[in-house]
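Architecture and fold: a report
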Amino acid sequence: MPRLDARSGAAALALAAALSLTAALGASCAGTPAAQRGATTCPPLCPTASQPTPPPPAAPPGPVVPGAAGEAPVFDPERLSPVLSDPRLAQVQRFVEMEAYASATTALAQVLASPLPPEDAAAFRYQLGRLRALAGDPLGAAREYDAAAAAGGPLADHARFAAADLLAKSGQPDAAIERARAVASDVAIADEVDRILAGALADKGDIEAAAAHWHAYLGRSWPASTWVPEALRFARALLRHPSEARAEEAIRIARRVIDEAPGGAGAGEAKEIREKALATLPFARRKPFVDPGPADLLARARALLASRQDKEALAVADALVALPEAQAPSAFACDAFAARGEALGRLRRRAEAADVYGVAIERCGPAAPAGDGAAAASAGAAGAGAPAPRRPETLYNAGRASLRVDRHAEAAARFSLLEKEYPDHRLADDARYLGARALLALGDQAQFVQMLTAMPDDFPSGDMVADGLFELALFEMERDGWAGAVRPLERALARFPHERAYHAAGRLPYYLGRAHIETGSPDKGKALLEQVIRDYPLSFYMALAHARLAELEPAAAERALAAAMERDASAPYTELRSPAFAHPAFARAVELARQGDARLARRELDLLGVGSRTAPREVMWASAFLLARAGALPQSYSILRTAMAAPAGDRAELAGEWVDHYPVGRWRAAWELAYPRPFAAIVAAETKRSGIPEALAYAIMREESAFDPKVASHAQAYGLMQLIVPTAKRMAKPLGLPWSAEALRRPEVNVALGCRFLSVLRNQFSDNPLLAIPAYNAGGGAPKRWIAERPSQSFDLWVERIPYEETRLYTKRVLTSLAVYELLYAGAQPGEALRAPMPASPAARSAVANAAP
């Protein structure tokens, strides 16, 4: 995301993304008469054809329109225009798109030399500050920000902050301190002022004052990319002012970085700082740091696990379990062995992990007597023999560890013990579900059926009941016992009439429809498939329902989809109206979005409850649009997903329910925000060259990277389509492209190689190209193996039984995205997702049929 320092590639990307998205969203409504907008790709605030509206009265510029007397203001996204989209800045915009920032600053300075309305002058001056920083002129940028601050307006304090930050980095601490202290305390950026003041005061040699500000800053919650460099800077500053107390504090800061920074970021420098500080301490003060006690070691192990430093966590856990305190049952011993089990599991030493969890169960001690909650609650500090407070979690993790190595009897016993000892625990129904599956793997079908059938009665508020009943139905369906699947599906549907999670939305009516068709009630079955098409737009199970209904009665599938889209196209116009739109934080967010600064816009929106999910859905929708206009596409559709889950209450339907409506009329813009098409020219060219659908490339990209070209996973997969270097190398050779980790962060390289890889996989599954999706996640050999094991299975059940949970959920997510991209952008005809073949592999099923006597 945009930064205020010079030559930021992320800022350039955000500016370009904001400009391209503005063009894409604005084009759908530009020049369209108000009465015709319901059938276009307008934002959801456009009036529909059935409700023409008179011309609005004159309103001040900007997307917030004041309400009439006693009414809250309205947010109108059509009135939101980025600064660089101003026709007077057309040349500046062209230079920005070319990343020619020096030329852009010259062009913008020429515009500012002409008379301008005060509000335009302030906005253009702020933008000039951003562009000068990108052009590598921090002092020039600070001057422009000073001018923007003097002009006043919503971003005056942000301009002061930006100037302070640049001046501090340019070695002018006094000027930085003056501007930082002038920043008002009610703006979102105020909590970052401590960072600027700390650095500037340290540069002046005032370490005590600097330390106070660093403590305040590091005491808040920040991303690792922010707090780690600042913590190291603080530690280095302490060492420049030697004293034993400062050396100890530097050691503690370095230890925090070593233990808590994700993936060990900054650990090398932190270790050097720690060693330098230790060398200055006498033995008595050094000893606690080089020989920590049991509690400190346990805290270290937990921190290392939380930061995904699994090898380091295992080393600490090995030391923990060797301590005398870990040799008898206690809360400490329980946690020590559980930490070791978790570390071993993450390092794929799974059999060892299952064994260690067995020791952890024994070290946790017996369960507290029934009703003795106080004893369990106080057991954290208890000695030998006391039950550990995390015994239920340890039993659950132990059972899962046993499942991973197919020790099903052991897993069933561990889950049974959890359910017996803690029947009211939040994990008790999870234990029932997994324990039943372990018993089925052992061949105990009767116990499996009994355990899952009783779940609704035994766990009336359990969140795993739907999964338990669905698992019971799957058991019947897999062995063609469709009649036996009807009852558990009906029970589940009665209790959970509208599941919303992406992996479950529509599954109950879909399979109940299948069951009715298979048991001789085709009309009931087809009616349920039509219900899925109607009620679960473009979900995974809607795609399956459409494909199956089209196989049975093509006209019925076409009618069901057309009727649902016609219904949503005529949805009544609803304004986004909220008192929050008059809040100064929202005004600042609007202006920051217009400037293309998504990070700071989001900070202001969080003051209104967007980050904590407490904002009303009107504000959530407006925030999604603002961030999209600022170029922050992943954050934008992430907000839309959050809004979907907000309680409806008695409020009118707003964009929070966008997933319950097809992308037509006023709903289309929400879908376009959630499923954008960045890097359009690159994707169009590379999908054409590789012979794959554009929709598939976007669906993979959306799920793999959320369109962040710089992202890298802990598995060393890089870029938009998350390619590992060995795969990239194989794909790059025939294309003559680079394949290094750095090259994979370039969109033009990553998309080319990712599309070629998809093409290779699709060619391996020519009878069902959709199998390339699980292959992209698990490798091409995995789907081939699963097809060989279940050659005649239908595609829907085959996906349900993908043995890797990650791949199973990934397949559902990507197929959902594929369905959306196909319908949203590729035309009215159903694409691959809505025409999924009935068998997982038509060729394999045919081969089995031909081989039958």
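**Looking at the overall build of the chain**
Counting its secondary structure elements, the chain contains 43 helices and 4 strands. Counting every position in the chain, which comprises 853 residues, the buried fraction comes to 54%. At a minimum sequence separation of 6, the contacts of the chain that also span at least 24 residues come to 61%. Only carbon and sulfur atoms are counted for the fraction: they give 54% of the accessible area of the chain, which is about 35,300 Å².

**Examining the packing of helix α19 (residues 391-404) against helix α21 (residues 428-441)**
At a minimum axis separation of 11 Å, α19 and α21 run at an interaxial angle of 25 degrees. Put simply, α19 runs roughly parallel to α21. Regarding α19 and α21, the two cross each other, and that crossing is left-handed. In contact with Y396, R400 and L403 of α19, α21 contributes D430, L434 and A438. In terms of residue class, the contact of α19 with α21 is made up of 4 nonpolar, no polar and 2 charged.

**Overview of the confidence of the model for the chain**
Of the residues in the chain, 88% have a pLDDT of 70 or more, and the chain-wide mean is 88. The model gives residues 1-59 a pLDDT under 50, and that stretch makes 135 contacts with residues more than four places away or in other chains.

**What to know about the side chain of T394**
By the secondary structure assignment, T394 is in helix α19. Ignoring anything within four residues of it in the chain, the contact list for T394 reads C334, A338, Y357, A360, I361 and C364.

**Side note on the nonpolar core**
In this structure, F586, L626, W658, Y776, F795 and L818 are the most contacted members of the largest nonpolar core, which totals 248 residues. Setting aside chain neighbours within four positions, we find L626 in contact with F75, L80, F586, A589, V590, A593 and L605.

**Points about the packing of aromatic side chains**
All chains considered together, the criterion is met by 21 aromatic pairs. On the basis of an interplanar angle of 50 degrees and a centroid distance of 5.5 Å, the ring pair of F470 and Y511 is categorised as tilted. Taken as a pair, F470 in helix α24 (residues 465-478) and Y511 in helix α26 (residues 507-518) lie far apart in primary sequence, 41 residues in all. Neither F470 nor Y511 differs from the other in exposure class; each is buried. Aromatic side chains F540 and Y541 sit 4.8 Å apart centroid to centroid with 75 degrees between the ring planes, which places their arrangement in the edge-to-face category. Each of the two residues, F540 as well as Y541, counts as buried. In this arrangement the basic side chain of R256 is found over the ring face of W227, its NZ or CZ atom lying 4.3 Å from the centre. Geometry around F470 places R507 over its ring, the cationic atom sitting 4.6 Å from the centre.

**Structural notes on the packing of helix α6 (residues 156-169) against helix α8 (residues 193-203)**
Running from N to C, α6 and α8 point in directions that differ by 30 degrees, and their axes come no closer than 10 Å. Taken as axis vectors, α6 and α8 run roughly parallel relative to one another. Relative to α8, the crossing made by α6 is left-handed. Listed contacts from α8 to F161, A164, D165 and A168 of α6 are V193, R195, I196 and D203. Tallied by class, residues from the contact of α6 with α8 come to 5 nonpolar, no polar and 3 charged.

**With respect to unusual backbone geometry**
Its identity as a non-glycine residue notwithstanding, R348 has a phi of 65 degrees, on the positive side. Located in the positive-phi region is Q722, a residue other than glycine, with phi close to 50 degrees. Tracing the sequence through the fold places Q722 in the loop between β3 (717-718) and β4 (723-724). By relative accessible area, Q722 is classed as buried at 12%.

**Considering the environment of P709**
Along the chain, P709 falls in the loop between α36 (694-705) and β3. Given a relative accessible area of 3%, P709 falls into the buried group. Once the C-alpha coordinates of P709 and L720 are considered, the two residues, 11 residues apart in sequence, prove to be 4.7 Å apart.

**Remarks on the state of the cysteines**
Counted according to the given criterion, the structure contains 1 disulfide. The disulfide bridge from C334 ends at C364, spanning 1.9 Å between sulfur atoms. Classification of the bridge connecting C334 and C364 rests on its S-S torsion, roughly 50 degrees, and on that basis the disulfide is right-handed. Residue C334 is located in helix α16 (residues 331-346), and its partner C364 is located in helix α17 (residues 350-364); the two are separated by 30 residues in the primary sequence. A relative accessible area of 0% means that C364 is categorised as buried.

**Overview of helix α4 (residues 118-134)**
Taking 1.5 Å of rise per residue, the 17 residues of α4 would be expected to cover 24 Å, and the 25 Å separating its terminal C-alpha atoms lies within 8% of that figure. Positive phi shows up at G136, right after α4, with a value of about 85 degrees.

**Some words on the pattern of salt bridges**
Counted according to the given criterion, the structure contains 65 salt bridges. Taking the shortest distance from any N to any O, the salt bridge between R548 and D796 comes out at 3.6 Å. One end of the pair, R548, is in helix α28 (residues 540-552); the other, D796, is in helix α41 (residues 795-800), with 248 residues separating them in the sequence. Of the two residues, R548 and D796, neither departs from the other in class, the shared state being buried. Through salt bridges that share partners, D165, K169, D191, E192, R195, R599 and R603 make up one connected network.

**Looking at helix α10 (residues 224-239)**
Structurally, the α-helix is built with 3.6 residues per turn, so residues lying three or four positions apart point the same way. Between the first and last C-alpha of α10 there are 22 Å, a value that for 16 residues agrees with the 22 Å anticipated at 1.5 Å per step. Listed as buried for α10 are W227, V228, E230, A231, L232, F234, A235, A237 and L238. Buried residues in α10 make contact with α8, α9 (207-218), α11 (244-260) and α12 (267-279).

**Re the environment of L201**
Positionally, L201 belongs in helix α8. Under the relative-accessibility criterion, L201 is labelled buried at 6%. With 27 residues separating them along the chain, L201 and D174 place their C-alpha atoms 8.4 Å apart. Excluding its chain neighbours within four sequence positions, the residues that come into contact with L201 are I177, R181, D206, A209, A210 and H213.

**Regarding the environment of L561**
Note that L561 resides in helix α29 (residues 554-569). A relative accessible area of 7% places L561 in the buried class. Along the backbone, L561 and R534 are 27 residues apart, and their C-alpha atoms lie at a distance of 7.0 Å. Not counting the four nearest positions on each side in its chain, L561 is found in contact with I533, M542, H546, Y662, L823 and L834.

Procedures and definitions
- Residues numbered from 1 in each chain as written.
- Predicted model: local features only at pLDDT ≥ 70, side-chain atom pairs only at ≥ 80, totals over all residues.
- Heavy atoms only, no water.
- Helix = DSSP H or I, 4+ residues; strand = E, 2+ residues; numbered from the N terminus.
- Buried < 20%, exposed > 50% of the residue type's maximum accessible area, 1.4 Å probe, protein only.
- Contact = heavy atoms within 4.5 Å.
- Areas by Shrake-Rupley, 256 points an atom, 1.4 Å probe, with all protein chains shown as cover.
- Axes fitted to C-alpha atoms, helices over the stretch in contact; angles between N-to-C directions.
- Parallel < 35°, antiparallel > 145°, perpendicular 65-115°, else oblique.
- Left-handed = near helix turned anticlockwise from the far one by under 90°.
- Nonpolar A, V, L, I, M, F, W, Y, C, P; charged D, E, K, R; others polar.
- pLDDT = per-residue confidence, 0-100.
- Core = buried A, V, L, I, M, F, W, Y, C linked by side-chain atoms within 4.5 Å.
- Phe/Tyr/Trp six-rings, centres within 6.5 Å; stacked < 30°, edge-to-face > 60°.
- Lys NZ or Arg CZ within 6 Å of the ring centre and 35° of its normal.
- Disulfide = S-S within 2.5 Å.
- Expected span 1.5 Å × (residues − 1).
- Salt bridge = Lys/Arg side-chain N within 4 Å of Asp/Glu carboxyl O.

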